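# Breakdown of the fold
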Amino acid sequence: MPTIKADQTLDCKGLACPMPIVKTKKAIDQLEAGKVIEVLATDKGSLADIQGWAKNTGHQYLGTYTEGEVLKHYLRKAKSSEAKEETKFPHTLTNEELQKKLEDNEKVTVLDVREPAEYAFNRIPGAISIPLGELEERIQELNEEQDIHVVCRTGARSDLACQLLADKGFKNVRNVIPGMSGWTGPTESNQ
Amino acid sequence: MTTALVGMTAQELTSIVLNKEELFILDVRNDSDFNDWKIEGESVTSVNIPYFDLLEGVDEALGSIPEGKKVLVVCAKEGSSKFVGEQLVEAGLNEVYYLEGGMKSWSEHLEPVKIGDLKDGGSIYQFVRIGKGCLSYMIVSNGEAAIVDTLRMSDVYEKFAAEHQLQIKYTIDTHLHADHISGGRKLADKVGATYWLPPKDADEVVFQYDKLEEGQVLTVGSTKLNIQAVYSPGHTIGSTSLIVDDQYFLTGDILFIESIGRPDLAGKAEDWVGDLRNTLYNRYKELSDDLIVLPAHFGKITELGEGGKVSARLGDLYYSNPGLNMHDEAEFRRAVTGNLPQQPNAYQEIRQTNMGKITPSDEEQREMEIGPNRCAIHDK
């Protein structure tokens, strides 16, 4: 069973409906936008309910793993401005352009700057994971000479990542627009 | 008038539904569970607002509740309905109830309804599982009883038998069920009865049973009450109907009041469609029009008649039931093989359980049976 990094873990084991959702709501209210929460629950009904609740509130439901009796749900707190944020980095390419490059086996690096839990449930095969918040300290993991295609969910975090990489002297960096929210190409996930 | 939140049992709710009393239901489960399966009744109005949309307050719900009406809040188990119900009471509403045990207990409630008397004394009862649409039968004569299509909640029959001082002699399944877990074997073992199943449905069954075959006559009581088996394949290859006392016709999942059985739940729709047609359009036609059809399911609440009875005269069904009025064979084949409703929840695991191949815990069995029966071709 994969271990997924979350910013907070909320233990709702042994609690019956409605408490898992009531507690999740309280916890997510305290959480910083963009952060990921892991909710542990034993109530089987929590799966459909947490999905329904996330859909109605706009929080991002990432996925669920089952470990014996325990369901581990992953959610990312919505950032109200995320969808509207203007992207500033001038060099972009579309999802379709990236998909074509991958299909043509071009040598490209796909850098996924979303949170580890988002990456774990749904990613472009072969993508490297460095969350935006860790990019500066882990920048030496990347090669300045490579063609780097940066992807996130909507193109906002990847825009910031592209700006950061360009400031650090990376020459061939592009922001993939819109990113995973509109990705129709092949994906993979942790098993 | 009530000022506090009050629990309503599945039995109390059943009598409201059967008596067609007006009731407003606020169902606080998620919308997919609600759309899949809900409490229905001719005078029941229901609105679905998931409890997780009411965490900040119940204003949204208050707007949709009609003034001055009794309100029943319903959820899967009961926790969320109490959570919402208490807030409705705090908001000043009167007559607010929650369903004790939620949809789980609604799914398990059995209501015994007397169908009629037998010629030499004795009676036949229909046990209506109103939440899931399952029907089973107890034939009673002279201190003895036979139960047909026993449901999982076998203690209900045991209690009924004790109250009426009856010795349960046979438990009979008309076929290997796919929508619910049979209580027939468990009950037979417990009370020392014999368990009967059609052998053609029992190829993979791993326990001992008695073979229910065409022409077989079982006698209940010392009077001449006969249960006569009629081989009637189609829903399953073994499906067997029973004629009781020359007047009641227990059709299992072959013929319902407003529909007919689906042939696909064992994965052999194409093979069995010819058998189903032959049973409905030839075999059953040779029988007396005056037989009272007593099926193993109902699909719609409108099929419940007086006092909750589900029954009809066989001759009448040849006029009113759309499944008996498809005269073109190709049309029939299309109707029973293509465009069928979704299968019942966990139907493959339920079949395995009924064969004795797997033994889920009580809680798992309860989960497996959630949802409507969906055994008829016209069920949604």
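On a predicted model such as this, the values are computed, not experimentally measured, just so you know.

### Looking at the overall build of chain B
Tallying secondary structure elements over chain B gives twelve helices and 18 strands in all. Computed over the C-alpha atoms, the radius of gyration of chain B is 21 Å, within 12% of the 21 Å expected from 2.2 N^0.38 for a compact globule of 380 residues. Counting only C-alpha atoms and orienting by the principal axes, one finds that chain B spans roughly 65 × 50 × 40 Å. The 380 residues of chain B split such that 56% are buried. Sequence separation of 24 or more characterises 64% of the internal contacts of chain B that already satisfy a separation of 6 or more. Summed over its atoms, the accessible surface of chain B is roughly 15,400 Å², and 43% of this surface lies on carbon and sulfur atoms.

### A few points about the pairing of strand β6 (residues 109–112) of chain A
Residue and element names in this part refer to chain A. Side chains Thr109 and Leu111 of β6 all project onto a buried face; the interleaved residues Val110 and Asp112 project onto the opposite face, where all are buried too. Relative to strand β7 (residues 128–129), β6 is paired through two bridges, and the arrangement is parallel. Bridge pairing links Leu111 to Ile128 in β7. Considered for its hand, the β-α-β crossover made up of β6, helix α4 (residues 116–121) and β7 is right-handed.

### What about the nonpolar core?
In this structure, Trp106(B), Leu255(B) and Leu280(B) are the most contacted members of the largest nonpolar core, which totals 69 residues. Mapping this core onto the domain boundaries places at least three of its residues in each of domain 1 (6–106) and domain 2 (110–368) of chain B. Filtering out sequence-adjacent residues up to four positions away, Trp106(B) remains in contact with Ala10(B), Leu13(B), Thr14(B), Val17(B), Trp37(B), Ile39(B), Leu99(B), Ile130(B) and Gly131(B). Among the nonpolar cores identified, the runner-up in size contains 35 residues, and Ile21(A), Ile28(A), Leu31(A) and Val71(B) belong to it.

### Considering the domain arrangement of chain B
Residue and element names in this part refer to chain B. Entries for chain B in the domain assignment read domain 1 (6–106) and domain 2 (110–368). On the side of domain 2, eleven residues touch domain 1, which itself brings ten residues to the contact. Carbon and sulfur atoms supply 62% of the area buried between domain 1 and domain 2, which totals about 960 Å² over both sides. The interface formed by domain 1 and domain 2 holds two salt bridges in total.

### Some remarks on the domain arrangement of chain A
Much of the literature gives interface size as the accessible area that the parts lose upon coming together. Residue and element names in this part refer to chain A. In terms of domains, chain A is made up of domain 1 (8–76) and domain 2 (92–182). Here domain 1 and domain 2 have C-alpha centroids that lie 28 Å from each other. In total, domain 1 and domain 2 occlude about 670 Å² of area from one another, counting both sides; carbon and sulfur atoms represent 65% of this. Glu118 is paired through a salt bridge with Arg76; the nearest N and O atoms lie 3.5 Å apart. On inspection of domain 1 and its partner domain 2, the count reaches three residue pairs in polar contact (both at pLDDT 80 or more).

### Looking at the UniProt feature "domain: Rhodanese" (unreviewed entry) in chain B
According to UniProt, the positions carrying the feature "domain: Rhodanese" (unreviewed entry) are residues 19–115 of chain B. The span residues 19–115 of chain B is 32% helical and 24% strand by assignment, and the distance between its end C-alpha atoms comes to 17 Å.

### What to know about the interface of chain B and chain A
Counting residues at the interface gives ten residues for chain B, matched by eleven residues for chain A. When chain B packs against chain A, the two sides together hide about 1,100 Å² of surface, and 60% of this comes from carbon and sulfur. The three residues of chain B that bury the most area against chain A are Tyr51(B), Phe52(B) and Leu55(B), which together make up 45% of that side's buried surface. Across the pair Lys25(A) and Glu56(B) runs a salt bridge, and its minimum N-O distance is 3.4 Å. The interface formed by chain B and chain A contains five residue pairs in polar contact (both at pLDDT 80 or more). For the side of chain B that touches chain A, a count of residues per class yields four nonpolar, three polar and three charged.

### With respect to the side chain of His177(B)
All names here are of chain B. Tracing the backbone through its elements, the reader meets His177 in the loop between β10 (167–172) and α7 (184–191). Note on His177: relative accessible area 1%, which makes it buried. Of the polar contacts made by the side chain of His177, one reaches the side chain of Asp149; its length is 2.9 Å. Residues within four places of His177 in sequence aside, it is in contact with Asp149, Asp253, Ile350, Arg351 and Asn354.

### Details of the packing of helix α1 (residues 19–30) of chain A against helix α2 (residues 46–57) of chain A
Residues and elements named next belong to chain A. Two elements in contact, α1 and α2, have axes whose closest approach is 10 Å; the angle formed by their N-to-C orientations is 40 degrees. Overall, the two elements α1 and α2 adopt an arrangement that is oblique. For the element pair α1 and α2, the recorded crossing hand is right-handed. Here α1 contributes Pro20, Ile21, Thr24, Lys25 and Ile28 to the contact with α2, which in turn contributes Ser46, Asp49, Ile50 and Trp53.

### Quick look at helix α11 (residues 347–354) of chain B
Residue and element names in this part refer to chain B. Along α11, the residues that are buried comprise Tyr347, Ile350, Arg351, Thr353 and Asn354. What you see down the axis of α11 is that its buried residues fit within an arc of 160 degrees, all on one side. Its buried side turned inward, α11 meets α12 (362–368). Just past α11, the residue Gly356 takes up positive phi, approximately 85 degrees.

### Side note on unusual backbone geometry
Cis geometry is adopted by the peptide bond preceding Pro18(A), which originates at Cys17(A) and carries an omega value of 10 degrees. The linkage connecting Ile177(A) with the following residue, Pro178(A), adopts the cis geometry, with an omega of -5 degrees. Position of Pro178(A) among the secondary structure elements: in the segment after β9 (173–177). The phi angle at Ala346(B) is positive, at roughly 55 degrees, despite the residue not being glycine. Its place among the elements puts Ala346(B) in the loop between α10 (329–337) and α11.

### Thoughts on the packing of aromatic side chains
Counted by the stated rule, this structure contains eleven aromatic pairs over all chains. Ring plane angle 75 degrees and centroid distance 6.4 Å describe the contact between Tyr65(A) and Tyr74(A), whose orientation is recorded as edge-to-face. The class for Tyr74(A) is buried, based on a relative accessible area of 0%. Consider the rings of Tyr51(B) and Phe52(B), whose centres lie 5.4 Å apart with planes at 75 degrees: the pair is edge-to-face. For the residue pair Tyr51(B) and Phe52(B), the accessibility class agrees, reading buried in each case. Here the aromatic residues Tyr125(B), Phe127(B), Tyr157(B) and Phe160(B) are joined through ring pairs into a cluster of three or more. We note Arg185(B) situated over the ring of Phe207(B); from NZ or CZ to the ring centre the distance is 3.8 Å. Lying over the aromatic face of Tyr281(B), Arg277(B) brings its terminal NZ or CZ to 4.1 Å of the ring centre.

Criteria and thresholds
- Residues numbered from 1 in each chain as written.
- Chains lettered and ligands numbered in written order.
- Predicted model: local features only at pLDDT ≥ 70, side-chain atom pairs only at ≥ 80, totals over all residues.
- Heavy atoms only, no water.
- Helix = DSSP H or I, 4+ residues; strand = E, 2+ residues; numbered from the N terminus.
- Rg over C-alpha atoms; globule rule 2.2 N^0.38 Å.
- Buried < 20%, exposed > 50% of the residue type's maximum accessible area, 1.4 Å probe, protein only.
- Contact = heavy atoms within 4.5 Å.
- Areas by Shrake-Rupley, 256 points an atom, 1.4 Å probe, with all protein chains shown as cover.
- Pairing = 2+ DSSP bridges.
- Right-handed = clockwise from strand over helix to strand, strands pointing away.
- Core = buried A, V, L, I, M, F, W, Y, C linked by side-chain atoms within 4.5 Å.
- Domains from an automatic or database assignment.
- Buried area = accessible area lost by both parts, 1.4 Å probe.
- Salt bridge = Lys/Arg side-chain N within 4 Å of Asp/Glu carboxyl O.
- Polar contact = N/O pair within 3.5 Å; in protein donor to acceptor, adjacent residues only side chain to side chain.
- UniProt positions renumbered as here; feature names shortened; annotations may be inferred.
- Nonpolar A, V, L, I, M, F, W, Y, C, P; charged D, E, K, R; others polar.
- Axes fitted to C-alpha atoms, helices over the stretch in contact; angles between N-to-C directions.
- Parallel < 35°, antiparallel > 145°, perpendicular 65-115°, else oblique.
- Left-handed = near helix turned anticlockwise from the far one by under 90°.
- Arc of directions from axis to C-beta.
- Phe/Tyr/Trp six-rings, centres within 6.5 Å; stacked < 30°, edge-to-face > 60°.
- Lys NZ or Arg CZ within 6 Å of the ring centre and 35° of its normal.

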